[in-house]
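# Architecture and fold: a report
Next come the chains, spelled out residue by residue.
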Amino acid sequence: MLKIEHLTKAYAKSNVKAVDDLNLELKSGEIFGFLGPNGAGKTTTIKMLTGILGYDTGSISICGHDLKSESTKAKRNIGYVSDSHVIYDKLTGKEYVEFMADIYGVDVATRKERADKLLEKFELRDAYGSQIRTYSHGMKQKISIIGALIHSPDLWVLDEPMTGLDPQSAFQLKELMREHCADGKTVFFSTHVLEVAEKLCDRIGIIVKGKLITVGNLEEIKAAQGDSSLEEIFLSVAGGSGEHA
Ligand SMILES: Nc1ncnc2c1ncn2[C@@H]1O[C@H](COP(=O)(O)OP(=O)(O)OP(=O)(O)O)[C@@H](O)[C@H]1O
Ligand SMILES: [Mg+2]
């Protein structure tokens, strides 16, 4: 359902590749965890596969649609939760969710049903009518999640979604990710929380200096990397500092 082939990107005025010949295929119904040290290329990859950032070479296909040649068809299948939520500050939570529902053509009854369920789950009902700029970090994260799920996307992409969430909300989010996959849909998320990756993901990929070093389920990764814990494997492949020089 997601196919990334030979994806490469260097930022302007940079002589290092932020993402370097990345190949990855995700199936329907799986939760994929994207790990890697700071500056490894996770956000860059995520921004490319959500169509926010262009790429130099390679291809991305979502639900059989090429992201460059069939951009709108490919993007319709994506729900995206970014790692920063500063864009829609002046809208109320409700206006933002309605805006997202309008963009994706979600009918009124369905959007209400989905929003109600999520507002309840995240205990965000009281703040729904307030401007997003008055929200805490965690509340912004939650409204962004509701906006991303309002069209029940086949591919749900989240960049470090656990950051700033209280334990209860983090639990709810993990439940939502599981439910999403149980419906035959796919979740792709980056995280620094190895425990979450370990418990939640069907498969994990570790990116270091733009290159996907290892990918597979936990058992496969452990077998390939010498049967230690995910933390030991991470520290060993990340090699002290993963940041580009
Ligand atoms: N807008 C930009 N302009 C130039 N270089 C950038 C830009 N954004 C990221 N980079 C560089 O690209 C590389 C990958 O960064 P990226 O943000 O994708 O890493 P990341 O894996 O998401 O890291 P983190 O865990 O800190 O979020 C880094 O070397 C970074 O300095
Ligand atoms: Mg990042």
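Throughout, residues of each chain are indexed from 1 in the direction in which the sequence is written. Working convention: letters from A go to chains and numbers from 1 go to ligands, in the order in which they are written. Reporting in this predicted model follows two pLDDT cut-offs: at least 70 for local features of residues, and 80 or more for side-chain atom pairs to be given and counted; totals over whole chains, interfaces and linings ignore these cut-offs and use all residues. To obtain the side-chain values, all non-hydrogen atoms of the structure were used and water was disregarded.

## Points about the sheet that holds strand β8 (residues 186–190)
Each pair of strands is called paired provided DSSP finds at least two bridges between the two strands. The secondary structure listing takes helices from DSSP runs of H or I that are at least 4 residues long and strands from runs of E that are at least 2 residues long, numbered from the N terminus. Sheet architecture is open: six strands sit in the order β6-β7-β8-β3-β9-β10, paired in mixed fashion. Strands with a single pairing partner mark the edges of an open sheet, and in this sheet they are β6 (78–81) and β10 (211–216). Across this sheet, the average inter-strand angle for adjacent strands is 15 degrees, counted without regard to direction. When checking whether two residues touch, look at their non-hydrogen atoms; a contact exists if any pair is within 4.5 Å. Geometry is summarised by axes, namely lines fitted to C-alpha atoms with helices restricted to the contacting stretch, and by angles between N-to-C directions that run from 0 to 180 degrees. Packing of helix α5 (residues 137–149) onto the sheet brings it into contact with β6 and β7 (155–159), and relative to β6 it is tilted by some 175 degrees. Set on the sheet, helix α9 (residues 230–238) makes contact with β3 (31–35), β9 (203–208) and β10; between it and β9 the angle comes to about 25 degrees.

## Describing the nonpolar core
Throughout this description, the term nonpolar core refers to a set of buried Ala, Val, Leu, Ile, Met, Phe, Trp, Tyr and Cys residues connected via side-chain atoms within 4.5 Å. The buried label applies to any residue whose accessible area, calculated with a 1.4 Å probe on protein chains only, is under 20% of its type's maximum; exposed applies above 50%, and partly exposed to all values in between. By size, the foremost hydrophobic cluster in this structure holds 49 residues, and its most contacted members are Ile 143, Trp 156, Met 177, Phe 189 and Ile 204. Setting aside anything within four residues of it in sequence, one finds Ile 143 in contact with Gly 93, Tyr 96, Val 97, Leu 124, Tyr 128, Ile 132 and Tyr 135. Judged by nonpolar contacts, the second largest core, of 23 residues, contains Ile 4, Phe 34, Met 48 and Phe 188.

## Some details on the site of ligand 1
Working definition: residue near molecule or strand if any one of its non-hydrogen atoms lies within 4 Å of it. Taken together, 13 residues form the shell around ligand 1, and within it Gly 39, Lys 42, Thr 43, Thr 44 and His 192 come nearest. The term polar contact refers here to a pair of N or O atoms within 3.5 Å; inside protein, the definition further demands a hydrogen-donor-capable atom paired with an acceptor-capable atom, and it admits residues adjacent in sequence only when both atoms are side-chain atoms. Between ligand 1 and the protein, one listed contact pairs an oxygen atom with a backbone N or O atom of Ala 40 at 3.2 Å. Contact with the protein chains covers 61% of the free accessible surface of ligand 1, which is 640 Å². Asp, Glu, Lys and Arg are counted as charged, while Ala, Val, Leu, Ile, Met, Phe, Trp, Tyr, Cys and Pro are counted as nonpolar; the rest, among them Gly, fall into the polar class. Split into classes, the residues belonging to the shell around ligand 1 amount to four nonpolar, seven polar and two charged. Accessibility throughout is a Shrake-Rupley quantity obtained with a 1.4 Å probe, and a residue counts as covered only by protein chains that appear here.

## Thoughts on the environment of Phe 99
On the secondary structure map, Phe 99 appears in helix α3 (residues 93–103). With a relative accessible area of 33%, Phe 99 lands in the partly exposed category. In this structure, the C-alpha to C-alpha distance between Phe 99 and Gly 147, residues 48 residues apart in sequence, is 8.5 Å.

## Looking at the packing of α5 against helix α6 (residues 167–182)
Their axes nearest at 12 Å, the elements α5 and α6 cross at an angle of 10 degrees. Relative to α6, α5 is oriented roughly parallel. Note that α5 runs across α6; the crossing there is left-handed. Contacts between α5 and α6 involve Lys 142, Ile 145 and Leu 149 on the former and, on the latter, Ser 169, Leu 173, Leu 176 and His 180. For the contact of α5 with α6, the class distribution of residues is four nonpolar, two polar and one charged. Put simply, angles under 35 degrees are roughly parallel, angles over 145 are roughly antiparallel, angles from 65 to 115 are roughly perpendicular, and the rest are oblique. Take the far helix as your reference; a near helix turned counterclockwise from it by less than a right angle gives a left-handed crossing, and one turned clockwise gives a right-handed crossing.

## Here we look at the environment of Ser 28
Relative to the elements of secondary structure, Ser 28 occurs in the loop between β2 (19–26) and β3. The class for Ser 28 is exposed, based on a relative accessible area of 52%. Taking the C-alpha atoms as reference, Ser 28 lies 23 Å from Thr 110; in sequence the two are 82 residues apart. Those residues in contact with Ser 28, other than ones at most four positions away along the chain, are Met 1, Gly 184, Lys 185 and Thr 186.

## Points about the pattern of salt bridges
Counted as salt bridges are all cases of a side-chain nitrogen of Lys or Arg within 4 Å of a carboxyl oxygen of Asp or Glu. Scanning all chains against the criterion turns up twelve salt bridges. For Lys 94, the salt bridge goes to Glu 98, with nearest N and O atoms at 3.4 Å. Taken as a pair, Lys 94 and Glu 98 lie in helix α3 at a separation of four residues, close to a single helical turn. Accessibility expressed as a relative area gives 41% for Lys 94, which makes it partly exposed. A residue is classified by how much of its surface remains accessible, and Glu 98, at 26% relative accessible area, is partly exposed. Here Glu 179 and Lys 117 are joined by a salt bridge, their closest N and O atoms 3.3 Å apart. One end of the pair, Glu 179, is in helix α6; the other, Lys 117, is in helix α4 (residues 108–121), with 62 residues separating them in the sequence. On the basis of relative accessible area, Glu 179 is assigned to the partly exposed category, the value being 32%. In the salt-bridge network here, residues are joined through shared partners; they are Lys 94, Glu 98, Asp 102 and Arg 111.

## Side note on the state of the cysteines
Any cysteine sulfur atom paired with another within 2.5 Å is treated as part of a disulfide. All chains considered together, the criterion is met by zero disulfides. Of all cysteine sulfurs, the one in Cys 181 lies closest to Cys 63, which takes part in no disulfide; the gap is 13 Å. Among the cysteines around Cys 181, which has no disulfide bond, Cys 201 carries the closest sulfur, lying 9.2 Å off.

## Quick look at unusual backbone geometry
Trans is the prevailing form of peptide bonds, just as negative phi is the prevailing case for residues other than glycine. For Asp 21, which is not glycine, the phi dihedral falls at a positive 55 degrees. Judged by its relative accessible area of 38%, Asp 21 is partly exposed. The backbone of Cys 63 sits at a positive phi, close to 50 degrees, despite the residue not being glycine. Looking at where Cys 63 falls in the secondary structure, it is placed in the loop between β4 (57–62) and β5 (65–66).

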